[in-house]
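The primary structure of each chain is shown beneath.
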Amino acid sequence: KQTEKDWMGVSLPYASSVRLTSSMRPQNDEERAYALSLPYQELIGALNYLRITRPELAYSMSQLGKWMSDWGVRHWKAAVQHLRYTIKTIIRQRL
């Protein structure tokens, strides 16, 4: 269950300690079905649109975009962190 804390902003769009690799892809049919239920491509597409006006997002978006055809849960979590960073910075700009 999602809580408000889960959606609080983070300081970095992409944790440099996290390396997204092919070993993070789904390893069986159950994992693949779960990964396919996540709107990864839609999220990356929406975040990619923001890259036009937010150049600091370019590197992290290039890393996330590499997995558009075969992503796993860890790729999804990295994309959600990116979204949380974006939300935090947008809110901070409006204050």
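Here, the structure is the one placed above.
These numbers come from a predicted model, not from an experiment. (Residues numbered from 1 in each chain as written. Predicted model: local features only at pLDDT ≥ 70, side-chain atom pairs only at ≥ 80, totals over all residues. Heavy atoms only, no water.)

(A) Examining the packing of aromatic side chains more closely. Evaluated as defined, the whole model comprises one aromatic pair. Aromatic pair Tyr-40 and Trp-71: ring centres 5.2 Å apart, planes at 15°, arrangement stacked. With Tyr-40 in helix α2 (residues 40-50) and Trp-71 in the loop between α3 (58-65) and α4 (73-94), this pair connects stretches of sequence that are 31 residues apart. Residues Tyr-40 and Trp-71 agree in their burial class; the two are buried. (Phe/Tyr/Trp six-rings, centres within 6.5 Å; stacked < 30°, edge-to-face > 60°. Helix = DSSP H or I, 4+ residues; strand = E, 2+ residues; numbered from the N terminus. Buried < 20%, exposed > 50% of the residue type's maximum accessible area, 1.4 Å probe, protein only.)

(B) A look at the nonpolar core. If you look at the biggest cluster of nonpolar residues, it comprises 18 residues, and the most contacted ones within it are Tyr-40 and Leu-64. At five residues, α4 tops the list of elements feeding residues into this core. The contacts of Leu-64, once residues within four sequence positions are left out, are Leu-20, Tyr-40, Ile-44, His-75, Ala-78, Ala-79 and His-82. (Core = buried A, V, L, I, M, F, W, Y, C linked by side-chain atoms within 4.5 Å. Contact = heavy atoms within 4.5 Å.)

(C) Summary view of α4. Taking 1.5 Å of rise per residue, 22 residues should cover 32 Å, and α4 covers 32 Å from first to last C-alpha, within 8% of that figure. His-75, Trp-76, Ala-78, Ala-79, Val-80, His-82, Arg-84, Tyr-85, Thr-86 and Thr-89 are the residues of α4 that are buried. Buried residues along α4 sit in contact with α2 and α3. (Expected span 1.5 Å × (residues − 1).)

(D) Spatial organisation of the packing of α2 against α4. In the contact formed by α2 and α4, the axes pass within 10 Å of each other and the chain directions differ by 35°. Crossing handedness for the pair α2 and α4: left-handed. Facing Tyr-40, Leu-43, Ile-44, Leu-47 and Leu-50 of α2, the residues of α4 in contact are His-75, Trp-76, Ala-79, Val-80, His-82, Leu-83 and Thr-86. Of the residues belonging to the contact of α2 with α4, the class tally is nine nonpolar, three polar and no charged. (Axes fitted to C-alpha atoms, helices over the stretch in contact; angles between N-to-C directions. Left-handed = near helix turned anticlockwise from the far one by under 90°. Nonpolar A, V, L, I, M, F, W, Y, C, P; charged D, E, K, R; others polar.)

(E) Summary view of the packing of α2 against α3. Interaxial distance between α2 and α3 falls to 11 Å at its minimum, and their mutual angle equals 155°. Between α2 and α3, the interaxial angle falls into the category roughly antiparallel. Where α2 crosses over α3, the two elements pack in a sense that is left-handed. Taken together, the residues of α3 that come into contact with α2 (itself represented by Tyr-40, Ile-44, Leu-47 and Asn-48) are Met-61, Leu-64 and Gly-65. (Parallel < 35°, antiparallel > 145°, perpendicular 65-115°, else oblique.)

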